[in-house]
Amino acid sequence: MRILIENETDDALKAAYGEMLELSLENPCRRQWYAAWFIESAEGEHIGELCFKGLNADGGVEIGYGISPEHQGCGYASEAVAAVTDWALTQDGVSYVQAETEAENTASQRVLLKSEFVSTGDTGDEGLIFIRKKDD
């Protein structure tokens, strides 16, 4: 995580990653819910990141993700979001996965819809809220 923070040029992302690092250090038994991962191509090229933003009291975990512009539109975000969401929903204590995306970011909305997320009709701090609930 420290490498990610050091190399990040966007101040807002740098601050968010710093908060995630602090929370992971404060919650070592639950650090997976404050983790960030590199997304890499099959050839090992770094093409983006995906992170968890914590597990809340009602069993919700929020994800965030981004793909570098030159790799967008190739299905990498869809593959990563589906895989991490499928995994998260098998973990104890998780009842749903949430993501927020800006209203004008239709590509991100398509990624979420492909991964069986549904819009809640609500808006959060970062945009439209989508969730995928655990199958009963």
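Being a predicted model, the structure only gives us computed values, none of them experimental.

Rules and cut-offs
Residues numbered from 1 in each chain as written. Predicted model: local features only at pLDDT ≥ 70, side-chain atom pairs only at ≥ 80, totals over all residues. Heavy atoms only, no water. Helix = DSSP H or I, 4+ residues; strand = E, 2+ residues; numbered from the N terminus. Expected span 1.5 Å × (residues − 1). Buried < 20%, exposed > 50% of the residue type's maximum accessible area, 1.4 Å probe, protein only. Contact = heavy atoms within 4.5 Å. Pairing = 2+ DSSP bridges. Axes fitted to C-alpha atoms, helices over the stretch in contact; angles between N-to-C directions. Core = buried A, V, L, I, M, F, W, Y, C linked by side-chain atoms within 4.5 Å. Arc of directions from axis to C-beta.

Novice: Would you explain helix α3 (residues 76-88) in this entry?
Specialist: The terminal C-alpha atoms of α3 lie 18 Å apart, and with 13 residues this matches the ideal 18 Å at 1.5 Å per residue to within 8%. Buried within α3 are the following residues: A77, S78, A80, V81, V84, T85 and A88. Summarising the contacts, the buried residues of α3 are in contact with β1 (36-40), β2 (46-55), β3 (60-67), β4 (96-101), α4 (106-114) and β6 (127-133).

Novice: Would you mind showing me how to read the sheet that holds β3 here?
Specialist: Through backbone hydrogen bonds, the strands of a sheet pair up, either in parallel or in antiparallel fashion. In spatial order, the strands read β1-β2-β3-β4-β6-β5; together these six strands make up an open sheet with mixed pairing. What marks the edges here is a single partner per strand, and that holds for β1 and β5 (118-124). The sheet shows a mean angle of 30° between the axes of neighbouring strands, direction not considered. Examined bridge by bridge, β1 and β2 share five bridges and lie antiparallel to one another. When the sheet's bridge partners are listed, E40 is paired in β2 with H46.

Novice: I keep staring at the nonpolar core and nothing clicks. Help me out?
Specialist: If you look at soluble globular proteins, the nonpolar side chains tend to sit buried side by side. Judged by nonpolar contacts, the single largest core of 23 residues is most densely connected at W33, F52, V61, I63, V81, V97 and F117. Where this core is concerned, the elements lending two or more residues are β2, β3, α3, β4 and α4. Among residues more than four places away in sequence, those in contact with V97 are V61, I63, T85, A88, L89, F117, F130, I131 and R132.

Novice: Is there a simple way to think about the pairing of β2 in this case?
Specialist: Consecutive side chains of a regular strand alternate in pointing toward one face of the sheet and then the other. Extensive coverage of β2 is indicated by the burial of eight of its ten residues. Here β1 folds back onto β2, and the loop between the two strands holds five residues, one of which, G44, carries a positive phi near 90°. As paired elements, β2 and β3 share six bridges and run antiparallel to each other. Bridged to E49 within β3 is G66.

Novice: Before we go on, may I ask you to explain α4 in this structure?
Specialist: Since there are 3.6 residues in each turn of an α-helix, residues three or four apart along the chain are aligned in direction. When α4 is considered as a whole, its buried residues turn out to be S108, Q109, V111 and L112. Buried residues along α4 cover an arc of 155° about the axis, so they all sit on one side. Within α4, the exposed residues directed more than 90 degrees away from the buried face are L113 and K114. Check the buried side of α4 and you find it contacts β3, α3, β4 and β6. With its phi angle positive at about 70°, E116 sits one or two positions after the end of α4.

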